[in-house]
Amino acid sequence: MFPNRKIFFRGLCLLLTLGFVGLGFTPSVSKAEEPVQQFLNELRNQGYYDEALVYLKDMETSPIAPVTFKDIVTYERAKTLLASLAVVRERVKLESILDSAEQSLDLFITEHRTHPLMGEATELFANLLIKRAELNQEQVDDEGVAEGIKQSLLADSRKQLKKANEIFGNVREDIKQKILRIDSKTTDPQLKTMLGEYRVRYMQVRLNLPQTTLLLAGTYPEGAPEREKLLTEAVDEFTGVRKAYQAFQGTFFLATLGLAEGYAKKGNIDDALLYLEDIFELPQAAELRDLKRRAVVIALPCWRAQDSLNYKEILPKFEATVGTLLPSEMRDIAWLELQLELAGMYREAFEELDAKATKSPEETQQASLYERRAEELVRELTKNNSPLKIDAQKLLASWGLAKPPVETGGEAPTNFLQARDKGVAVLTDYDTARVAAETLRVELQTTNDPDRRAELETQLRSTEQVLRTAPIQAMSYFEMALGMTDGDTPQDDLAVIRRYMAYLYYVQQRYYSAGVLGAFQLRTNPNASGAQSSASIALNAYWSLYQAADAENRDFELAQLQNVADLTLKYFPETAEAIKAANVMSFLSLSKKDLEGARGYLEQIPNSAPERRRAELSIGTQLWSDYLARKFELEKSRRAGALQDAAYQNELAMLQPVIDEARQYLEKGVGELTSGEMDSSTVNAVLAMCQLYLTVQNAPAAVALLERPEAGLLALVDAKHASVQSVDLTSNVYRTALRAYIAGLAGTANKADQVAKARQIMRVLNQSLGADASGQKRLIALYVDLVSDLKDQMESLGQPAQRLAFGEGVASFLEEVQSTTKDPNLLIWSAETMISVAETFKQDKMNTQAKALFTKADKVLTAVSQGNSESSLARRAKVQQARVKKNLGLYPDAIRMFAEILSANPNFVTVQVDAADTYHQWGRAERSTSKIASALAGGEPFDNPKTKRQENAIWGWGKLAQVTARDSKFRDTFLQARFNLAYGRMEYALLEKSDNQLARAKRDILATAQIVPDYGSKSWKAKYDALMKALQKELGEPQTGLPKS
Amino acid sequence: MTGFHWQMNRAGLALLVLVLGGAIADAQSDRVFPKEGRTLTGAISKVSAKGITIETGGREVEVPATEIKMVNFGTESREITTARRAISEERLNNALQILESIDSGQLDPPALALDVDYLTAYCMVKMALSGERGTLGQATGVLTDFLEKGGESYHYTNAVELLGDLLLARGVYDQAEAQYQRLVSTPWPDVQQIGRLKVGRMQELQGKYSEALKNYQAVQQVESTTAESRQSKLEAQVGQARCQAFGGDFESGIATLNQMIVEESSTNGRLFGQIYNALGNCYVAAKQPKQAINAFLHTDLLFYQDPEQHAEALYRLGELFNSMSKFEESAEAREKLKSRYGTSPWAKK
């Protein structure tokens, strides 16, 4: 157990105080006090840390501050910041203060290496390191922290503590030398003073060293040899200090405490308790209270480790120290925790006595005393926003004491204060009942004993009654109080009432009212007591309203949330409320696609807050999603022919900053996620990062992320984790994994292993999705998407050589798949993927490789067609075969196959496009006007049994354009058809040397704009414009392009 | 003369002074407490609807009716003085108990009798308006009686305004308007302002928005820097925003009112109640029910001190919550309206 965070500062004060007795003079760490220094010291002593910091800032430039003081402002600032840690609880704020203190200390140490306060500054730095180590330990002790992170924190702590020890060791040596240089019998007053100061500091450091060693020992697990060694060292050193400073009670007792702690950690309980007795026997004096408190902290586990607790002996010691608190201790969580422990121990003592079958009258009385005292202590802790209120309420509930004792004599309140206090009392009962109800429900779930269940159910019914009536009763008292106000009622008093009312409205789900009251307090009186709570209530209320509102009608809730969040961030920065507000607004900004806003709010979440990571991941996911959407638009334009390759690559390159930014937000966080943190949002973040890795050609990183133990996506799917239960998400995980394995083939040394993993995914997919017809459909859709993914990935590679390597890797995987499966869907999919890869090879003019792959694909497809009479499969295979024939330049075969397919299914638009394009390619290859004409007008007539007319199975560009003109779903196809119609006409015209046809081509272009104004998009317009200019050139006209609209 | 004789003469002199002094005190013990400045003690020589003239320190001082905080007549009983104090401390029930036990017909001078009649009517009106005691009809009767005979009372103008308030509470807006119009004819700018303000409000409630707007604009143009005048001007600004909204320009109304919320102090509960109600009505006109609820809740939860404003807010909340299917909240608002302001026109809608 780590000692209290005030260990060194309180210890220091105590040392200095007790040192009076032994040394007989008033020690002073600094030189002759200036009024400025005295004032600053006094501000710190009184706990006015903020004021002290402001004072220091003023003194930096004030003419009344001595120059010597100005030199040490940074040192004093660090000292003040470190002292202020005593009153801060939030970890985020603690870390922020430590960062500021370290900055100031660094500055002082760098700029004043020869200053007399250098020694103190380095000691202060050592204390800062110790504080950081303590914070790390707190985090390690938190629940839900991944093992890796724990080890990393412990490693950091060890480094910090070792460094602190090193500093203390050096300081000790340094002071020792200084002491030796001064004659111990000197009569020079200045030297005597210096000697005295050095001796005090030497004492301090002698205590600091073993104390740091104890902390360091705590970073090792029990039983570890390093731990034992360090504990022994500490014990020896404390023993030495006790021996050397027997006459100096402060040091002596602090060393005694340390010694006891050392023995306790070594497991020498009896020795530890023996030494602690010395401290318990000290008189009850205010300046000794903290020493005694720390003694209790060390004694508690020792008492509990004994075979049986001697309550009669222990309780008086415990009570004497902790039973009654000084006013300054009543908000100190360290003291309150001990009070709760004391209450628990009283209760145990009572239960032990109560369980005795026969009791003497003294024992009965004693038991009653114990019971009462336990309840008294805990009830006190449930009042007045005590930091341990909830723990105290739970304890009361577990003792079956949730309902408060019945009040006798209730007069109606006659003034504001009475009404307010009655309201507060009822509200406290309500709070206690709330926690009790929760505790009782939990216990009911796990209890089977019928008697105990009956008891719990009775208690629960009674508690629920309080839950029903208390809010109404409390509210009526508060309304009564408000009715008793007048113009002179202080605003702060009104603020308190309104805050309570806001809370009551919230628990009764009157969110509008809760929001109005909470926000009003925040807006008009942020400095009033409870304004922070009011802010929290308002935020929660409007959040509840937001969630309940229709998605299209949330403007009001968004505006209120923004207003409350911004005010909370302004008035209470870096508090838990502010972090929540920033987190909520970051999320809401993202939902409105306001990335700028999201980033702005993210900056207001401290780096160390857990919410920060989530918010970063959400922003990263949104950025990635935006990137994909933009890329999709570019690809659509390219496929439709509206964007040339070079322009496409250019546009894609301009998106690189988006990828970089997404990576920045995602990369660190996704690698640290634990399985406990996985939900749909974090799963999407991991998927985004994997896809990003694949886009930047880092398949191994994507694989590593997918395969992370416990929290990796594949592990989650295997474990049927709740976060990946949706079919879509699971499919997405598998699809990404397949992409990663296949993409990684090109670069991995262990291809077989990688292929095996990919095959395994495909097997799992088949089993989980392929069971029925709809599952099959989903499976096919997934594979089709995968083909598209792989094609995209291949095409995004910058160099042909890279694309070749990628393609060959994919091809080898596909061959492996083909050789070991008979599943027709899988075979068709593998052939489609091969074709896709081959097409890219063809574009890169790698015709040999392209031809080889086309041929392989054709072979597979032929086998599928022959082996399957099922029409949709056979059709799919045939379509692909026709494409292969086209790509191999076997145009007649291709046309024949397209015609066979289309005569049975004329409305397959994509196949019609392929067929028209086949004619067009044929016409170009053979410079044949008839083939080009067929591309325009269609071909392969047949007797359509449905229409009973002779029609062209292949429509050609003309009819394609006609059919798709009015359907916005086929907008791109329409524009492509019209473009190719005009282009084909131009090609025809040039072959036939026909100006008429050229002119007609021009009219084709102009007519297109009448159906799709301005040609639908900039990229299409540019293409049409270029074609128009080409026609104008051929016609000898000025090349003005499209008419200006 | 011996010392004893001198003592006797001294005693006699003292007795004389005591006797004469009492008579002198009776004749000179009227007191007029102005709203600002020192109390005037002397003999009231004239009382009219315009104010009071009091002879004090050898001169006559005229105190306009609008500047009188309180008057104590030399002949009034301790009970009457106690009743006045109770009224100033808003302990109207206590005051009325005392006043009802006094037969004003027996009082002298007549100004005192009128005072008692007015104070009685005042208490009954205020308690009827807040729903604490009595009916609006009963209060109207008592007040009308006073007005018939109280033409020379310095309370006359206040009584006219009170009658207007009663008629407003009864929903008889045109009659209320007529009463408030009489305030506009008084010689005092501040009272004229209040009159115009209230006339404008009555015209609004009757849907006469352009006329109301003119009155609100006239209120703004009065050159006066008193606190009451400033308050009237602010309330007129609110009224203008309401008229804009009802005239269709709710965006301007919303903008004006939001600006006022930022600029004015929320400790001015009366003003803020009006602002938020007006804002709520603007949002209703703009078909933004959530924002309207938010605005009316401000009146209900924070600025409920004016019964008329609170009653309207509760009525509107009942309607709005109902329109959003929040039936429990709607029922609660209606229940609150009926239980607290059962006599208000809003409760009868």
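Residues numbered from 1 in each chain as written. Chains lettered and ligands numbered in written order. Predicted model: local features only at pLDDT ≥ 70, side-chain atom pairs only at ≥ 80, totals over all residues.

Comments concerning the overall build of chain A
What counts here: Strands are runs of DSSP state E lasting at least two residues, helices are runs of H or I lasting at least four, and both sets are numbered from the N terminus onward. Whether a residue is buried, exposed or partly exposed is read from the other C-beta atoms within 10 Å of its own C-beta, which are placed from the backbone; 20 or more gives buried, 12 or fewer gives exposed, and intermediate counts give partly exposed. Think of it this way: build a C-beta for each residue from its backbone, and any pair within 7 Å is a contact.
Of regular secondary structure, chain A possesses 45 helices and two strands. The buried share among the 1045 residues of chain A stands at 42%. The contacts in chain A between residues at least 6 apart in sequence include a share of 60% that link residues at least 24 apart.

Considering helix 40 (residues 909–926) of chain A
All names here are of chain A. As a reminder of what qualifies: Each residue after the first adds 1.5 Å to the expected span of a helix.
Over its 18 residues, helix 40 extends 26 Å from the first C-alpha to the last, a length consistent with the 26 Å expected when each residue adds 1.5 Å. Here helix 40 has its buried residues at V911, Q912, A915, A916, T918, Y919, H920, W922 and G923. Immediately beyond the C-terminal end of helix 40, within one or two residues, lies R927, with a positive phi of roughly 50°.

Side note on the sheet that holds strand 2 (residues 40–48) of chain B
Residues and elements named next belong to chain B. We count it as follows: Strands qualify as paired when DSSP identifies two bridges or more between them. Between N-to-C directions, angles cover 0 to 180 degrees, with each direction set by a line fitted to C-alpha atoms, over the stretch in contact for helices.
Taken in spatial order, the five strands make up an open sheet running 4-3-2-1-5, and their pairing is antiparallel. Lying at the two open borders of the sheet, with one neighbouring strand each, are strand 4 (59–64) and strand 5 (68–72). Here the strands of the sheet are splayed against their neighbours by 40° on average, with no regard to which way each runs. Here five bridges tie strand 2 to strand 3 (residues 51–56), and the two strands are oriented antiparallel to one another. Its bridge partner lying in strand 3, A43 is registered against E55.

Digging into helix 17 (residues 389–398) of chain A
Residues and elements named next belong to chain A. Within the span of helix 17, buried status applies to A392, Q393, L395, L396 and A397. Turning to helix 17, the residues buried within the fold contact helix 15 (333–354), helix 16 (361–381) and helix 18 (416–446). Two residues or fewer past helix 17, G400 is found with a positive phi of approximately 75°.

Let's talk about the confidence of the model for chain B
Note that predicted coordinates carrying low pLDDT should not be read in detail. Residue and element names in this part refer to chain B. Put simply, the rule is: As a per-residue measure, pLDDT tells how confident the predictor is, with possible values from 0 to 100.
Here chain B averages 87 in pLDDT, while 92% of its residues score no lower than 70. Long-range and interchain partners of residues 1–28, a stretch whose pLDDT sits below 50, account for six contacts in this model, where long-range means more than four residues apart. If you check the scores for this complex, the pTM reads 0.64 and the ipTM reads 0.79.

Things to note about the interface of chain A and chain B
As a reminder, the rule being used: Gly counts as polar in this scheme, as do all residues outside two lists: the nonpolar Ala, Val, Leu, Ile, Met, Phe, Trp, Tyr, Cys and Pro, and the charged Asp, Glu, Lys and Arg.
Counting residues at the interface gives eight residues for chain A and 10 residues for chain B. Top contributing element to the side of chain A that touches chain B by residue count: helix 21 (residues 511–524) of chain A, with six residues. Along the lines of polarity and charge, the residues of the side of chain A that touches chain B split into five nonpolar, two polar and one charged.

With respect to the pairing of strand 1 (residues 939–944) of chain A
Residues and elements named next belong to chain A. When strand 1 meets strand 2 (residues 949–954), the two strands line up antiparallel, connected through five bridges. Paired with G939 across the strands is I954, a residue of strand 2. Hairpin connection from strand 1 to strand 2: four residues lie between these consecutive antiparallel strands, with K948 at a positive phi of about 60°.

Some details on the pairing of strand 3 of chain B
Residues in a regular strand point their side chains to alternate faces of the sheet. Residues and elements named next belong to chain B. Linking strand 2 back to strand 3 in an antiparallel pair, the connection comprises two residues. The pairing of strand 3 with strand 4 spans six bridges and is antiparallel. Bridged to E55 within strand 4 is E60. Counting the residues in the hairpin turn of strand 3 and strand 4 gives two residues, including G57, whose phi is positive at 60°.

Things to note about the confidence of the model for chain A
The predicted model of chain A averages 86 in pLDDT, with 95% of residues at 70 or higher. Overall, residues 405–409 of chain A carries pLDDT values under 50, and its contacts beyond four positions in sequence, including any with other chains, amount to zero contacts.

What about the packing of helix 41 (residues 929–937) of chain A against helix 42 (residues 956–964) of chain A?
Residues and elements named next belong to chain A. Definition in use: Here roughly perpendicular refers to angles of 65 to 115 degrees, roughly parallel to angles under 35, roughly antiparallel to angles over 145, and oblique to all remaining angles.
Packing of helix 41 against helix 42 brings their axes to within 2 Å, and their N-to-C directions diverge by 10°. With respect to their mutual orientation, helix 41 and helix 42 come out roughly parallel. Packed against helix 41, whose contacting residues are S934, A935, L936 and A937, the element helix 42 presents G956, W957 and G958 at the interface. Tallied by class, residues from the contact of helix 41 with helix 42 come to four nonpolar, three polar and no charged.

Overview of the environment of F806 of chain A
Residues and elements named next belong to chain A. Locating F806 in the fold gives a position in helix 35 (residues 800–820). Overall, the presence of 25 C-beta atoms within 10 Å leaves F806 in the buried class. Linking F806 and V837, residues 31 residues apart in sequence, is a C-alpha distance of 9.0 Å. Here F806 is in contact with A743, A746, M794 and L797, once residues within four sequence places are set aside.

Examining the packing of helix 23 (residues 555–571) of chain A against helix 24 (residues 576–591) of chain A
Residue and element names in this part refer to chain A. Operational definition: Each crossing is labelled by how the near helix is turned from the far one, with a counterclockwise turn of less than a right angle marking it left-handed and a clockwise turn marking it right-handed.
Put simply, helix 23 and helix 24 touch, their axes get as near as 9 Å, and they point 145° apart. Between helix 23 and helix 24 lies a crossing of left-handed hand. Contacts between helix 23 and helix 24 involve L558, L561, Q562, A565, T568 and L569 on the former and, on the latter, E577, A578, A581, A582, V584, M585 and L588. The class makeup of the residues in the contact of helix 23 with helix 24 is 10 nonpolar, two polar and one charged.

Here's the deal with unusual backbone geometry
Residue P109 of chain B is reached from D108 of chain B by a cis peptide bond, and omega for that bond is 0°. Within the secondary structure, P109 of chain B sits in the loop between helix 3 (92–100) and helix 4 (110–130). Within the chain, K593 of chain A stands out as a residue other than glycine whose phi angle is a positive 60°. Its place among the elements puts K593 of chain A in the loop between helix 24 and helix 25 (595–602). Residue classification places K593 of chain A among the exposed positions, given that 11 C-beta atoms sit within 10 Å. Phi is positive for E90 of chain B, which is not a glycine, with a value near 60°. Tracing the chain through its elements places E90 of chain B in the loop between helix 2 (78–88) and helix 3.

Looking at the environment of Q921 of chain A
All names here are of chain A. Tracing the sequence through the fold places Q921 in helix 40. Residues Q921 and I932 lie 11 residues apart in sequence; the distance between their C-alpha atoms is 8.3 Å. When sequence neighbours within four positions are dropped, the list of residues in contact with Q921 reads K886 and Y891.

Thoughts on the environment of I761 of chain A
Residue and element names in this part refer to chain A. Along the polypeptide, I761 turns up in helix 33 (residues 751–769). With 22 C-beta atoms counted inside 10 Å, the residue I761 sits in the buried group. Along the backbone, I761 and V733 are 28 residues apart, and their C-alpha atoms lie at a distance of 10.0 Å. If sequence neighbours within four positions are ignored, I761 has contacts with Y734, A737 and L738.

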